[in-house]
Amino acid sequence: MLNESYWNNRYIEGNIGWDAGSVTTPIKQYIDQVEDKNLRILIPGAGFGNEAGYIYSLGFVNTFVCEWSEKAVIQFKKNYPSFPDSQIFLKNFFEIEGDFDLIIEQTFFCAIHPSQRELYAKKVFDLLNFGGKMVGLLFDFPFSEKGPPFGGDSQEYLSLFKKYFKINCFEKSYNSIKPREGNEIFFNFEKTNYKLL
Ligand SMILES: C[S@@+](CC[C@H](N)C(=O)[O-])C[C@H]1O[C@@H](n2cnc3c(N)ncnc32)[C@H](O)[C@@H]1O
């Protein structure tokens, strides 16, 4: 079962093949051109905080992370000691509340059980302000029950997310990190105020 102890144990065992060690290129290139440093940003399933630490260091002071593995959060705090404790939600993503302008997706969607994908899309919708965006990467490889990571295809992703968001960008990532080259879709989805559910 993909619960909190499953993930915490993966960190305890050091079985963390997903950890890129630093912010990944697609996320870096996207955030580097965002100008409004007051945006309220959330990174769900943030792990060691490679993305969050980088984003915060650029001056995005309202950056928040959600991560339910205590072990990962301890390491995150060691890596980024100036990141405010009050901006770390050590809890289940599906239980957090808040209002954000930007949600960054980096190997969190592929980590949850596929039966929760609908819930994920709805949760992200609820957490975003109107005009808010979810930006990040989705794995583009055939789905297998053997995950995590769980894959999927463009059609499935689009039919899930277009119910909630305007699709600003959804294309093969051209700047993935080496191990993920050819296997990622970069996306930018927006919560618009004319598509109320
Ligand atoms: C594959 S890892 C990716 C970590 C990080 N995004 C990275 O790229 O290094 C998935 C992360 O999501 C966390 N996670 C999974 N389900 C979660 C949930 N429901 N609430 C909060 N965190 C969750 C896990 O503990 C794990 O750290």
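Located above this text is the structure these notes cover.
Just so you know, these numbers come straight off a predicted model, no measurement behind them.

## Digging into the overall build of the chain
- Looking only at helices and strands, the chain features six helices and seven strands.
- Reading the secondary structure of the chain in the N-to-C direction produces α-α-β-α-β-α-β-β-α-β-α-β-β.
- Its C-alpha atoms give the chain a radius of gyration of 16 Å, within 12% of the compact-globule value 16 Å for 197 residues.
- The C-alpha extent of the chain, read off along each of the three principal axes, is 40 × 40 × 30 Å.
- Within the chain, the fraction of its 197 residues that count as buried is 50%.
- When the accessible surface of the chain is summed, it comes to about 9600 Å², and 51% of that surface belongs to carbon and sulfur atoms.
- Here the chain carries 21 positive and 25 negative side-chain charges, and the mean point of each set is 1 Å from the other.

## Observations regarding the packing of helix α5 (residues 117–127) against helix α6 (residues 154–161)
- Contact geometry for α5 and α6: axes closest at 10 Å, N-to-C directions at 45 degrees. The angle between α5 and α6 falls in the class oblique. The interaxial crossing formed by α5 with α6 has right-handed handedness. For the pair formed by α5 and α6, the contact residues are Arg 117, Glu 118, Tyr 120 and Ala 121 on the first element and Glu 156, Tyr 157, Leu 160 and Phe 161 on the second.
- Class assignment of the residues belonging to the contact of α5 with α6 gives a composition of five nonpolar, no polar and three charged.

## Side note on unusual backbone geometry
- Residue Pro 148 is bonded to the preceding Gly 147 through a cis peptide linkage, with omega at 5 degrees.
- Looking at the element boundaries, Pro 148 is found in the loop between β5 (128–139) and α6.
- Of the consecutive residues Pro 148 and Pro 149, the connecting peptide bond is found in the cis state with omega at 5 degrees.
- Secondary-structure assignment places Pro 149 in the loop between β5 and α6.
- A positive phi angle, close to 50 degrees, is found at Thr 107, a residue other than glycine.
- Along the polypeptide, Thr 107 turns up in the loop between β4 (100–105) and α5.

So, how was this worked out
Residues numbered from 1 in each chain as written. Predicted model: local features only at pLDDT ≥ 70, side-chain atom pairs only at ≥ 80, totals over all residues. Heavy atoms only, no water. Helix = DSSP H or I, 4+ residues; strand = E, 2+ residues; numbered from the N terminus. Rg over C-alpha atoms; globule rule 2.2 N^0.38 Å. Buried < 20%, exposed > 50% of the residue type's maximum accessible area, 1.4 Å probe, protein only. Areas by Shrake-Rupley, 256 points an atom, 1.4 Å probe, with all protein chains shown as cover. Lys, Arg positive; Asp, Glu negative; His and termini not counted. Charge placed at Lys NZ, Arg CZ, Asp CG, Glu CD. Axes fitted to C-alpha atoms, helices over the stretch in contact; angles between N-to-C directions. Parallel < 35°, antiparallel > 145°, perpendicular 65-115°, else oblique. Left-handed = near helix turned anticlockwise from the far one by under 90°. Contact = heavy atoms within 4.5 Å. Nonpolar A, V, L, I, M, F, W, Y, C, P; charged D, E, K, R; others polar.

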